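These are the residues of each chain, in order.
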Amino acid sequence: MKIAVANDHAAVKMKNEIISFVKDLGYDVLDFGTDSEESCDYPIYGEKVANAVVNGEADCGILICGTGVGISIAANKVKGVRAAVCSDVTTARLVKEHNNANIIAFGARIVGAELAKDIVKAYLEAEFLGGKHERRINMISEIEKKQD
Ligand code: RB5
């Protein structure tokens, strides 16, 4: 399973810790940067991971900025993306089980590295429950189609 990862300048150290962690868990990683702590624009990195996920280059994505919010909003503009900001383990599990989130995001200025690892593990190990949740995800896709 391949995971696309990207971040802005606020999350370089966190990104590197998370990449090591997910590699140790046995996942492959596509790293879309940034590796620089120079100020940059998070939408660039949100879009890179979003595209990798919707075009099948990656199975899912991890996005990290200061709060996780800006980069996830950017990713969610790409059709087919369901990016969810998680600051706790329960939400991380539920965004897979109920929302089939294909990207999780979190804030390097909000959660510490150990909690971030727990969040990532909970998300990666959870399974989509389908059923009524599938119907609701299909409704989200219908909203996207209305924008065409
Ligand atoms: C960068 O300073 C910061 O705005 C960004 O990392 C993120 O928190 C935006 O949502």
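Scroll up a little and you will see the structure.
Note that the structure is a prediction, hence the values are computed from the model and not measured.

Caption draft 1: Focus on the packing of helix α1 (residues 12-24) against helix α5 (residues 113-125). Closest axis-to-axis distance for the α1/α5 pair is 10 Å, and the angle between their directions is 45°. Judged by the angle between their axes, α1 and α5 are oblique. In the crossing of α1 with α5, the sense of the turn from one axis to the other is right-handed. For the pair α1 and α5, contact is made by M14, E17, I18, F21 and V22 and by A113, A116, K117, V120, K121 and L124, respectively. Taken together, the residues of the contact of α1 with α5 break down into eight nonpolar, no polar and three charged.

Caption draft 2: Focus on the pairing of strand β5 (residues 103-107). For β5, the buried fraction is high: five of the five residues fall into the buried class. Here strand β3 (residues 60-65) pairs with β5 via five bridges, running parallel. The partner of I64 across the bridge, within β5, is F106. Two strands pair when backbone bridges link them, and strand β4 (residues 83-85) and β5 are joined in this way by three bridges, in the parallel orientation.

Caption draft 3: Main features of the site of the ligand. The local shell around the ligand consists of D8, H9, A10, Y42, C65, G66, T67, G70 and R109. Measuring from an oxygen atom of the ligand, one finds a side-chain N or O atom of D8 at 2.5 Å. The backbone of T67 places a nitrogen or oxygen atom 3.0 Å from an oxygen atom of the ligand. Protein contacts shield 71% of the accessible area of the ligand, which totals 300 Å² for the unbound molecule. When grouped by side-chain class, the residues that make up the shell around the ligand number three nonpolar, four polar and two charged.

Caption draft 4: Quick look at the layout of surface pockets. Approximately 150 Å³ is the volume attributed to the largest pocket. Residue lining of the largest pocket: N76, K77, V78, K79, V81, R82, I140, E144 and Q147, and that is the complete set. Partitioning the lining of the largest pocket into residue classes produces three nonpolar, two polar and four charged.

Caption draft 5: Spatial organisation of the pairing of β3. Of all six residues that make up β3, six are buried, and the element is covered over most of its length. Going residue by residue along β3, you find C60, I62 and I64 tucked away on one face and G61, L63 and C65 tucked away on the opposite face as well. The pairing of strand β1 (residues 2-7) with β3 spans five bridges and is classified as parallel. Within the sheet, the bridge partner assigned to A4 lies in β3 and is G61.

Caption draft 6: View of helix α2 (residues 42-54). The first and last C-alpha atoms of α2 sit 19 Å apart over 13 residues, in line with the 18 Å expected at 1.5 Å per residue. When α2 is considered as a whole, its buried residues turn out to be Y45, G46, V49, A50, A52 and V53. Buried residues of α2 fall within an arc of 165° about the axis and therefore sit on the same side. The elements touched by buried residues of α2 are β1, β3, α3 (69-75) and β5. Following α2 by one or two positions, G56 adopts a phi angle in the positive range, close to 85°.

Calculation notes
Residues numbered from 1 in each chain as written. Predicted model: local features only at pLDDT ≥ 70, side-chain atom pairs only at ≥ 80, totals over all residues. Heavy atoms only, no water. Axes fitted to C-alpha atoms, helices over the stretch in contact; angles between N-to-C directions. Helix = DSSP H or I, 4+ residues; strand = E, 2+ residues; numbered from the N terminus. Parallel < 35°, antiparallel > 145°, perpendicular 65-115°, else oblique. Left-handed = near helix turned anticlockwise from the far one by under 90°. Contact = heavy atoms within 4.5 Å. Nonpolar A, V, L, I, M, F, W, Y, C, P; charged D, E, K, R; others polar. Buried < 20%, exposed > 50% of the residue type's maximum accessible area, 1.4 Å probe, protein only. Pairing = 2+ DSSP bridges. Near = heavy atom within 4 Å. Polar contact = N/O pair within 3.5 Å; in protein donor to acceptor, adjacent residues only side chain to side chain. Areas by Shrake-Rupley, 256 points an atom, 1.4 Å probe, with all protein chains shown as cover. 1 Å grid on protein atoms, 1.4 Å probe; cavity = no way out; pocket = protein on both sides within 12 Å on 5 of 7 lines; lining within 4 Å. Points joined across faces, edges and corners; volume = space filled by probe spheres on them. Expected span 1.5 Å × (residues − 1). Arc of directions from axis to C-beta.

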